[in-house]
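Residue-level structural notes
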Amino acid sequence: AQSVAQPEDQVNVAEGNPLTVKCTYSVSGNPYLFWYVQYPNRGLQFLLKYITGDNLVKGSYGFEAEFNKSQTSFHLKKPSALVSDSALYFCAVREILTGGGNKLTFGTGTQLKVEL
Amino acid sequence: DTEVTQTPKHLVMGMTNKKSLKCEQHMGHRAMYWYKQKAKKPPELMFVYSYEKLSINESVPSRFSPECPNSSLLNLHLHALQPEDSALYLCASSPGGLGKLFFGSGTQLSVL
């Protein structure tokens, strides 16, 4: 079974400092990895994805993620955090279904809190 | 139009009620999904429709009944729910292949 793990329930960072939200994966075959963000009482918003190619993936709102095959990691990063980045972040791995469509399996989520 | 629209945004129902959640997208996506999310937890897949046919049912109780009337619409019919079914119900769609999932804002369901 494909899975992702997010080892930190919460990450606190000061505004203007760099942030990292960690994710490790366990898949058979090539990994298809995603990051989504969720604001309170809202749906999930797509940030970025890794399918193949460059190990550094650029995404929305200044976020990027680094794919590391040897460490089976896909950490989310941002050079300078904003208070408005405070939200719940989910790493996910996708499995393409034989019957059509995709199955996204999410990590447990990391609450990011950016303080002034 | 790059939105997935869900109605209603909030729903309160009793255990003997019958209600329906509605989801709509006009992006031409051929795969649509229902997810259930408890507070501060990750979304859990319930159903997947591909080309208007049910392709995945993740062992969901029969009190939840999905329906895909056409390629733009997805419904979730609810009957005889339990209080533990209270959650945020998220609809999503994708173009298939390696495309990303687009999520709606969800329906916050409370079962009394």
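Above this text you will find the structure in question.
So, here is what we can say about the structure in this document. Residue indices begin from 1 for each chain and proceed along its sequence in written order. Numbering of ligands from 1 and lettering of chains from A proceed in the order in which they are written. Since the coordinates come from a predicted model, pLDDT governs what is reported: local features require at least 70, and pairs of side-chain atoms require 80 or more to be given and counted, while whole-chain, interface and lining totals use all residues. The basis for every side-chain value is the complete set of heavy atoms in the structure, and neither hydrogens nor water enter the calculation.

As for the nonpolar core
One recurring pattern in soluble globular proteins is that nonpolar side chains are buried together. Keep this limit in mind: For our purposes a nonpolar core is just a set of buried Ala, Val, Leu, Ile, Met, Phe, Trp, Tyr and Cys residues, chained together by side-chain atoms within 4.5 Å. Only protein chains enter the calculation, and the probe is 1.4 Å; a residue is then buried if its accessible area is under 20% of its type maximum, exposed if over 50%, and partly exposed in between. Secondary structure elements are defined from DSSP: runs of H or I of at least 4 residues count as helices, runs of E of at least 2 residues count as strands, and each element is numbered from the N terminus. By the convention used here, residues are in contact when the closest approach between their heavy atoms is within 4.5 Å.
The biggest cluster of nonpolar side chains holds 26 residues, and the ones touching the most others in it are L33, W35, L47, L48, F74, L76 and Y89 of chain A. Among the elements of the structure, β2 (10-14), β3 (19-21), β5 (33-38), β6 (44-50), β8 (64-68), β9 (73-78), β10 (87-96) and β12 (110-115) of chain A are those that each provide at least two residues to this core. No other element matches the four residues that β10 of chain A contributes to this core. Leave out the neighbours within four places in its chain, and L33 of chain A touches V4, Y25, L48, K49, Y50, F67, F74, A92 and V93 of chain A. M13, C23, L78 and V111 of chain B belong to the second largest nonpolar core, which has 23 residues in total.

What about the state of the cysteines?
The criterion, for reference: Disulfides are defined as cysteine sulfur pairs within 2.5 Å.
Under the defined criterion, the tally for this structure stands at two disulfides over all chains. Between the sulfur atoms of C23 of chain A and its disulfide mate C91 of chain A the distance is 2.0 Å. Taking the sign of the S-S torsion, about -60° here, the bridge from C23 of chain A to C91 of chain A comes out left-handed. Of this pair, C23 of chain A sits in the loop between β3 and β4 (24-26) while C91 of chain A is found in strand β10, placing the two residues 68 residues apart along the sequence. In this structure C23 of chain A comes out as buried when scored by relative accessible area, which is 1%. C23 of chain B shares a disulfide with C91 of chain B; S-S distance 1.9 Å. Taking the sign of the S-S torsion, about -70° here, the bridge from C23 of chain B to C91 of chain B comes out left-handed. On the criterion of sequence distance, the pair formed by C23 of chain B in strand β3 (residues 18-25) and C91 of chain B in strand β9 (residues 87-94) is long-range, its members being 68 residues apart.

Re the environment of E115 of chain A
Residues and elements named next belong to chain A. Mapped onto the elements of the fold, E115 is located in strand β12. Among the residues examined, E115 registers a relative accessible area of 37% and is labelled partly exposed. The spacing of E115 and P7 is 108 residues in sequence and 21 Å in space, taken between C-alpha atoms. Apart from residues no more than four positions distant in its own chain, E115 is found in contact with V13, A14 and E15.

Quick word on the packing of aromatic side chains
What counts here: Aromatic pairing here means that ring centres of Phe, Tyr or Trp (its six-membered ring) are within 6.5 Å. Orientation follows from the plane angle: under 30 degrees is stacked, over 60 is edge-to-face, and everything else is tilted.
Here the structure, examined in full by the defined rule, presents 14 aromatic pairs over all chains. Ring geometry for F34 of chain A versus F46 of chain A: centroids 6.3 Å apart, planes at 65°, classification edge-to-face. One end of the pair, F34 of chain A, is in strand β5; the other, F46 of chain A, is in strand β6, with twelve residues separating them in the sequence. The burial state of F34 of chain A is the same as that of F46 of chain A; both residues are buried. Three or more aromatic residues joined by ring pairs form one cluster here, namely F34, Y36, F46, F90 and F106 of chain A together with Y35 and F103 of chain B.

Topic: the sheet that holds strand β7 (residues 64-70) of chain B
Residues and elements named next belong to chain B. Spelled out, the test is: Here, any two strands with at least 2 DSSP bridges between them count as paired. Axis geometry follows a simple rule: fit a line to the C-alpha atoms, using only the stretch in contact for helices, then measure angles between N-to-C directions, giving values from 0 to 180 degrees.
The four strands are arranged β1-β3-β8-β7 in an open sheet whose pairing can be described as antiparallel. Taken across any chain shown, the strands that pair with only one partner, and hence form the sheet edges, are β1 (4-7) and β7. Going across the sheet, the axis of each strand differs from the next one's by a mean of 20°, ignoring polarity. Note: β3 against strand β8 (residues 73-79), seven bridges, orientation antiparallel.

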